[in-house]
Amino acid sequence: MPFTAEARPIDESQEWRQVSAFGMSRDELIALRDSHALRCPDPLCRATLYVRLPVAARFHFYHKPSEGSGECLLRGGESPLHIEAKSAVVEWVERQDRYHGCQVSLEHIFDNGEARRVADVLVQMPDGETHVIECQVSNQTVEEFQTRTRDYYRLGADYVLWFIDEEKARGE
């Protein structure tokens, strides 16, 4: 359930641009849905996305089960805990003096042709430095953390910061 989508006015008067449901109101998302075509930002997918406005969870976009690529990095469902963790990280970053003036985005796709990863939160510093922040709330081994971290560095991240649910991290 992605927070991000690409949007273009229905009349195609503008190019596709990235939008985020994070922080948008119900009315803003309804207006976006009614006036724009929405698609998955993953270059290997580009399926139509739809707006979901749940009562007891964060607003987000979604793929219909029968649509999209099996290779899409944004297709899988996320637990409510993971969604709230990503949201909390964005709110935390925005309060830090260190990150004042930075561009913060959710679900940034890295793809260099060899490795593909989607960063939970990407912070682009004014000097061009790239910080990836990951929220890990499901089971993962130390080796899996190491592989993912190495991938982010190979994909251009300068720093990788993990927020980990210690009960889920396995030292295998």
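Right above here is the structure, for reference.
None of these values were measured; they are calculated from a predicted model.

Reading the values: rules and limits
Residues numbered from 1 in each chain as written. Predicted model: local features only at pLDDT ≥ 70, side-chain atom pairs only at ≥ 80, totals over all residues. Heavy atoms only, no water. Helix = DSSP H or I, 4+ residues; strand = E, 2+ residues; numbered from the N terminus. Rg over C-alpha atoms; globule rule 2.2 N^0.38 Å. Salt bridge = Lys/Arg side-chain N within 4 Å of Asp/Glu carboxyl O. Buried < 20%, exposed > 50% of the residue type's maximum accessible area, 1.4 Å probe, protein only. Pairing = 2+ DSSP bridges. Axes fitted to C-alpha atoms, helices over the stretch in contact; angles between N-to-C directions. Contact = heavy atoms within 4.5 Å. Polar contact = N/O pair within 3.5 Å; in protein donor to acceptor, adjacent residues only side chain to side chain.

Some words on the overall build of the protein chain
Thought 1: Looking only at helices and strands, the protein chain has 3 helices and 11 strands in total.
Thought 2: Ordered by position from N to C terminus, the α and β elements of the protein chain give β-β-α-β-β-β-α-β-β-β-β-α-β-β.
Thought 3: Taking 2.2 N^0.38 as the reference for a compact globule, 172 residues should give roughly 16 Å; the C-alpha atoms of the protein chain span a radius of gyration of 16 Å, in line with that estimate.
Thought 4: C-alpha extents for the protein chain along the principal axes are approximately 50 × 40 × 35 Å.

Observations regarding the pattern of salt bridges
Thought 1: All told, the structure shown has 12 salt bridges when counted by the stated rule.
Thought 2: The closest approach of N and O atoms between Glu6 and Arg39, which form a salt bridge, is 2.7 Å. Here Glu6 is found in strand S1 (residues 4–9), whereas its partner Arg39 is found in strand S3 (residues 36–39), with 33 residues between them in sequence.
Thought 3: Look at Glu6 and you get buried, because its relative accessible area is 12%.
Thought 4: Here Lys86 ties to Glu107 by a salt bridge, and the two come within 2.8 Å at their closest N and O atoms. With Lys86 in helix H2 (residues 80–95) and Glu107 in strand S6 (residues 103–111), the pair connects residues that are 21 residues apart, well separated along the chain.

A few points about the sheet that holds S6
Thought 1: Taken in spatial order, the 4 strands line up as S6-S7-S8-S10 in an open sheet, and their pairing is mixed. Strands with a single pairing partner mark the edges of an open sheet, and in this sheet they are S6 and strand S10 (159–164). Neighbour-to-neighbour, the strand axes of this sheet turn through a mean angle of 35°, independent of strand direction.
Thought 2: Bridging between S6 and strand S7 (residues 116–124) involves 8 bridges; their strand directions are antiparallel. When the bridges of S7 are listed, Ile109 appears paired with Val118.
Thought 3: Here helix H3 (residues 142–154) sits on the sheet in contact with S6, S7, strand S8 (130–136) and S10, set at roughly 150° to S10.

What to know about the side chain of His82
Thought 1: Tracing the backbone through its elements, the reader meets His82 in helix H2.
Thought 2: Its relative accessible area of 10% is what places His82 among the buried residues.
Thought 3: A polar side-chain atom of His82 sits 3.0 Å from the main-chain carbonyl oxygen of Cys135.
Thought 4: Apart from residues lying up to four places away in sequence, His82 is in contact with Asp120, Cys135 and Val137.

Some thoughts on the environment of Glu84
Thought 1: Structurally, Glu84 is set in helix H2.
Thought 2: A residue is classified by how much of its surface remains accessible, and Glu84, at 38% relative accessible area, is partly exposed.
Thought 3: Residues Glu84 and Cys135, 51 residues apart in the sequence, show an inter-C-alpha distance of 9.7 Å.
Thought 4: Reaching out from Glu84, the side chain makes a polar contact with the side chain of Arg58 at a distance of 3.3 Å.

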